[in-house]
Amino acid sequence: MIETIIIGGNHHNTLGVIRALGFKGIQSTVLLIAEEEKPYVSYSKYIQECVLLKEKKDIVPYLLNHAQALSDKAVILSCADFVTSELDNAFDTLKDKYYLPTAGEQGVCNHYMDKDTMAELAMKVGMGIPQSWIVENGRYNISEMTVPCIVKPLASIYGSKAEIKICRTEEQLKNYLEVNKDHRFIVQEYIDKDFEYQLIGCSLNHGEEIIIPGYSKCIRPCPGTNTGFLEYKPFDEFKCDIEACKEFIKSIGYQGLFSMEYLRDKNGKDYFMEINMRNDGNGICVTGAGVNLPYIWYQYCVGEDYSQESCKKVQDIFVMPEFDDFTLLLKRKVSLTTWWNDYKRTSTFMEFCEEDPKPYYVRRKQFAKHLIRKLLHIK
């Protein structure tokens, strides 16, 4: 069997891909970029070999060395923006030994990770975007900006979701930009949203074929991430501009797993927020609903017929990131009654899996230790 290499952090994003391929009988090599000595993800029974790397800069040297032992090209699945970025920077040296998430030429994925570049292409294909301003090298004209607004790192590889800041007054915005004047930001008008949704899919043949089985609607977001308690549904009555989404990806020439994030405002208008050219943290919702996108990518790369998997219909399911969501309960951001009712109607969890339970139990033990240390004020 062709080797599969999953690269990501110690996170349910990576775990979801490991399990998705494991359900199809594929044992994967996993490169975990993690500081933990015993990452909970490494306990999955679907891992053939787990390699711990300390930093993202170690990814490409490992792959170049590993390539010497390969008899066939291996399939790579990216589970983080920084992974896709590192692979894209080394595309020319890796492409002969690996099937990569790629836009066909070195540097193109990194080019489109820039949120300003994303916005330009989104407008070109007809998608709505919030009014935006770029802050770079401490240069900005605050009088041109509107408040309230949202400030984000200009590219995901330069900052995390936790760095996103809502500024409700001009003074808040000015102070934030001054404190972070050495960073690159995009300032966007604040959209009075009705809800957030994602289109999670797999692009094949550089965008000539794009598979998007349904959409995820965020019910209760977890601060600092795009993960949250959500409902994944077939399109049915839901209307959105799928063709613009496909044209966007085709214009980049990207192939691989992806997600596209949107806001819908109170008037029903959609605003494109960003594309993620890798597996999404919520990607397990598609697997749970009935379509295995990582497996489709694997089959496409190795030349197998993926039509049976890609033609499956998804069902309506609820998905919960149980530890992140339980933290909201502890912080009293959600009532016990609401949380318990949501827990009971959830069919897919991002950590727990009956077929592969050990990562969950290790994570639960680590989570409990963390809570105890926090209660006792132990660093």
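Relevant structure appears above.
A brief look at the structure comes next.

Parameters and conventions
- Residues numbered from 1 in each chain as written.
- Predicted model: local features only at pLDDT ≥ 70, side-chain atom pairs only at ≥ 80, totals over all residues.
- Heavy atoms only, no water.
- Axes fitted to C-alpha atoms, helices over the stretch in contact; angles between N-to-C directions.
- Helix = DSSP H or I, 4+ residues; strand = E, 2+ residues; numbered from the N terminus.
- Left-handed = near helix turned anticlockwise from the far one by under 90°.
- Contact = heavy atoms within 4.5 Å.
- Salt bridge = Lys/Arg side-chain N within 4 Å of Asp/Glu carboxyl O.
- Buried < 20%, exposed > 50% of the residue type's maximum accessible area, 1.4 Å probe, protein only.
- Pairing = 2+ DSSP bridges.
- Right-handed = clockwise from strand over helix to strand, strands pointing away.

**Description of the packing of helix 1 (residues 12-22) against helix 10 (residues 293-302)**
Phase 1 of the analysis: Axis separation between helix 1 and helix 10 bottoms out at 8 Å; the angle between their running directions is 65°. Note that helix 1 runs across helix 10; the crossing there is right-handed. Residues Val17, Ala20 and Leu21 of helix 1 pack against Pro294, Tyr295 and Tyr298 of helix 10.

**Topic: the pattern of salt bridges**
Phase 1 of the analysis: If you walk through the whole model with that rule in mind, you get 15 salt bridges.
Phase 2 of the analysis: A salt bridge links Arg184 to Asp114, with the shortest nitrogen-to-oxygen separation between them at 3.6 Å. Of this pair, Arg184 sits in the loop between helix 7 (170-179) and strand 9 (185-189) while Asp114 sits in the loop between helix 5 (108-113) and helix 6 (115-124), and the two are 70 residues apart along the sequence.
Phase 3 of the analysis: Residue class for Arg184 comes out partly exposed when judged on its relative accessible area of 29%.
Phase 4 of the analysis: Connected through shared salt-bridge partners, Arg220, Asp325, Asp342 and Arg345 make up one network.

**So, the pairing of strand 2 (residues 28-33)**
Phase 1 of the analysis: Burial analysis of strand 2 places six of its six residues in the buried class, the great majority of the element.
Phase 2 of the analysis: Here strand 2 shows two buried faces, one formed by Ser28, Val30 and Leu32 and the other by Thr29, Leu31 and Ile33.
Phase 3 of the analysis: Across four bridges, the pairing between strand 1 (residues 4-8) and strand 2 is parallel. Within strand 2, the position partnered with Ile7 by the bridge is Leu31.
Phase 4 of the analysis: Crossover handedness for the path strand 1 to helix 1 to strand 2: right-handed.
Phase 5 of the analysis: When strand 2 meets strand 3 (residues 47-53), the two strands line up parallel, connected through six bridges. When the bridges of strand 3 are listed, Val30 appears paired with Cys50.

**Some remarks on unusual backbone geometry**
Phase 1 of the analysis: Geometrically, the link from Val147 to Pro148 is a cis peptide bond, its omega value of 0° lying close to zero.
Phase 2 of the analysis: In this structure, His206 is a non-glycine residue whose phi angle is positive, near 55°.
Phase 3 of the analysis: Looking at the secondary structure, you find His206 in the loop between strand 10 (193-204) and strand 11 (209-211).
Phase 4 of the analysis: Accessibility expressed as a relative area gives 30% for His206, which makes it partly exposed.
Phase 5 of the analysis: Here Arg332, not a glycine, exhibits a phi torsion of approximately 65°, which is positive.
Phase 6 of the analysis: Along the polypeptide, Arg332 turns up in the loop between helix 12 (322-330) and helix 13 (336-345).

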